[in-house]
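Given next are the chains, with one letter for each unit.
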Amino acid sequence: MIAPRRFGRTLAVFGMPLLMAGCANAPLEQAGSLSSYSDLDQADGLLAKSKIRIRKDEVLAARTVRIIPTTFAEGARTETISDDQRKLVGNAIDRTLCAGLSDRLEVVPASQPADLTVRAVVTHMTATDEKAVATTKVVSVAKSFLLPGVPVPTPRLPIGLGSLSMEAEARGKDGTPEAAMVWGQGANFLSGAARVSTAGDAYELASAFGNDFSKLVVTGENPFKSLSGPPPAERFQAMAGGAPKYAACDAFGRAPG
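This report concerns the structure included in the present document.

Definitions and limits used
Residues numbered from 1 in each chain as written. Predicted model: local features only at pLDDT ≥ 70, side-chain atom pairs only at ≥ 80, totals over all residues. Heavy atoms only, no water. Helix = DSSP H or I, 4+ residues; strand = E, 2+ residues; numbered from the N terminus. Contact = heavy atoms within 4.5 Å. Salt bridge = Lys/Arg side-chain N within 4 Å of Asp/Glu carboxyl O. Buried < 20%, exposed > 50% of the residue type's maximum accessible area, 1.4 Å probe, protein only. Lys, Arg positive; Asp, Glu negative; His and termini not counted. Polar contact = N/O pair within 3.5 Å; in protein donor to acceptor, adjacent residues only side chain to side chain. Pairing = 2+ DSSP bridges. Core = buried A, V, L, I, M, F, W, Y, C linked by side-chain atoms within 4.5 Å. Disulfide = S-S within 2.5 Å. Axes fitted to C-alpha atoms, helices over the stretch in contact; angles between N-to-C directions. Parallel < 35°, antiparallel > 145°, perpendicular 65-115°, else oblique. Left-handed = near helix turned anticlockwise from the far one by under 90°. Nonpolar A, V, L, I, M, F, W, Y, C, P; charged D, E, K, R; others polar.

**Regarding the overall build of the protein**
- When its secondary structure is counted, the protein shows six helices and seven strands.
- The helix and strand sequence of the protein, counted from the amino end, reads α-β-β-α-β-α-β-β-α-β-β-α-α.
- Pairs at least 24 apart in sequence give 77% of the contacts found in the protein among residues at least 6 apart.

**So, the pattern of salt bridges**
- Overall, the coordinates contain nine salt bridges when judged by the stated rule.
- Between Arg55 and Glu58 there is a salt bridge whose closest N-O contact spans 3.3 Å.
- What makes Glu58 partly exposed here is its relative accessible area of 34%.

**Details of the side chain of Lys215**
- Inspection of the secondary structure puts Lys215 in helix α5 (residues 200-219).
- Buried charge Lys215 goes without a salt bridge, the closest partner of opposite sign being Asp212 at 7.0 Å.
- One polar contact links the side chain of Lys215 to the main-chain carbonyl oxygen of Pro223, over a distance of 3.1 Å.

**With respect to the pairing of strand β7 (residues 177-186)**
- By the criterion of burial, β7 is predominantly enclosed, with nine of the 10 residues buried.
- Pairing geometry for strand β2 (residues 49-54) and β7, over six bridges, is antiparallel. Each bridged residue has a counterpart across the sheet, and for Lys51 the counterpart in β7 is Val182.
- Pairing of strand β6 (residues 163-171) with β7, which is carried by nine bridges, proceeds in the antiparallel orientation. What sits directly across from Met166, in β7, is Trp183.
- Counting the residues between successive antiparallel strands, the hairpin from β6 to β7 contains five residues, one of them, Gly175, with a positive phi of roughly 90°.

**Details of the environment of Gln85**
- Position of Gln85 among the secondary structure elements: in helix α3 (residues 83-101).
- When its relative accessible area of 18% is taken as the criterion, Gln85 is described as buried.
- Along the primary structure Gln85 and Tyr203 are separated by 118 residues, whereas in three dimensions their C-alpha atoms are 8.7 Å apart.
- Setting aside its immediate chain neighbours within four residues, Gln85 contacts Thr80, Ser197, Thr198 and Ala199.

**Digging into the nonpolar core**
- In this structure, Val89, Leu164, Phe209, Phe213 and Val217 are the most contacted members of the largest nonpolar core, which totals 43 residues.
- At the level of elements, β3 (64-72), α3, β5 (116-126), β6, β7 and α5 are the ones that each hand at least two residues to this core.
- Examining the composition of this core, we find that nine residues originate from one element, α5, more than from any other.
- Apart from the residues within four sequence positions on either side, Phe213 is in contact with Leu97, Val118, Ala168, Glu169, Ala170, Ala179, Ala180 and Met181.

**Brief notes about the state of the cysteines**
- For the coordinates displayed, the defined rule picks out one disulfide.
- A sulfur-sulfur separation of 2.0 Å characterises the disulfide bridge that pairs Cys98 with Cys249. Taking the torsion about the sulfur-sulfur bond, which here is approximately -85°, the covalent link between Cys98 and Cys249 counts as left-handed. Of this pair, Cys98 sits in helix α3 while Cys249 is found in the segment after α6 (233-239), placing the two residues 151 residues apart along the sequence. For the residue pair Cys98 and Cys249, the accessibility class agrees, reading buried in each case.

**Comments concerning the packing of α3 against α5**
- Relative orientation of the contacting elements α3 and α5 amounts to 30°, with a least axis distance of 8 Å. Between α3 and α5, the angle falls in the class roughly parallel. Considering only the axes of α3 and α5, their crossing is right-handed. Every residue of α5 that contacts α3 at Leu88, Val89, Ala92, Ile93, Arg95, Thr96, Leu97, Gly100 and Leu101 is listed here: Ala202, Tyr203, Ala206, Ser207, Phe209, Gly210, Asn211, Phe213, Ser214, Val217 and Val218.
- Residues of the contact of α3 with α5, tallied by class, amount to 13 nonpolar, six polar and one charged.

**What to know about the sheet that holds β7**
- Judged by pairing direction, the sheet is mixed, and its seven strands sit side by side in the order β1-β2-β7-β6-β5-β3-β4 without closing on themselves. Strands at the two margins of the open sheet, each flanked by one partner only, are β1 (41-42) and β4 (106-108).
- In this sheet, β2 lies alongside β1 in antiparallel orientation, the contact comprising two bridges. Residue pairing across strands places Gln42 opposite Lys51, the latter belonging to β2.
- Against the sheet, α3 contacts β3, β4, β5 and β6, and its axis sits at roughly 160° relative to β3.
- Across the face of the sheet, α5 comes into contact with β2, β5, β6 and β7 while running at roughly 150° to β7.

In structure tokens:
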């Protein structure tokens, strides 16, 4: 019998290359919204690629934050994803940012002044193959009939996986850049919960980015260095579609969007 710790190491050695091989590519593109790109440090996560900059003392001294709605660079406006779908993805990004930043900061409306102003831009977005996702869901349903009560994961077809690339910056009252991130992540063949939509993977990845950037600002540290603890009770409430901690977050809608 393999010990749990040894099994975990074995999974890391043999499973991760397989997982990465079944991931969509997400380039770290630059849209020009950041004040500078020359002083960013590489800070990759398990699945996400990232470059960050943080002025820890200045960020941790902040008490209030406002969020400017996410915009899309010209290169992220693919014809296969509609304006309405882009709006849903943008709202998902802003909603997750708002919930994550609320862990330490008071979120105020975008029209009010704040210690920090956060602005995010989608720099690249790859559409999801709807037919491939639909096929995976059909197989999943078939398994539930053949093996009732047995949780069997259904890997997705490793084709038509979507991706999302972002850049975001938090600036102080005087416009000084206090934190920045360039980020990219692709869906992988194990992300079987994707919606049957050309924006399905981008919508799911929006939450991953929002969590990573908000953690950077809340902690003042590389968000990939340590595992996150359980979210506060207010976050659980917002994730379930309830009222957010701060009313300003209602501008981005309630979960799931």
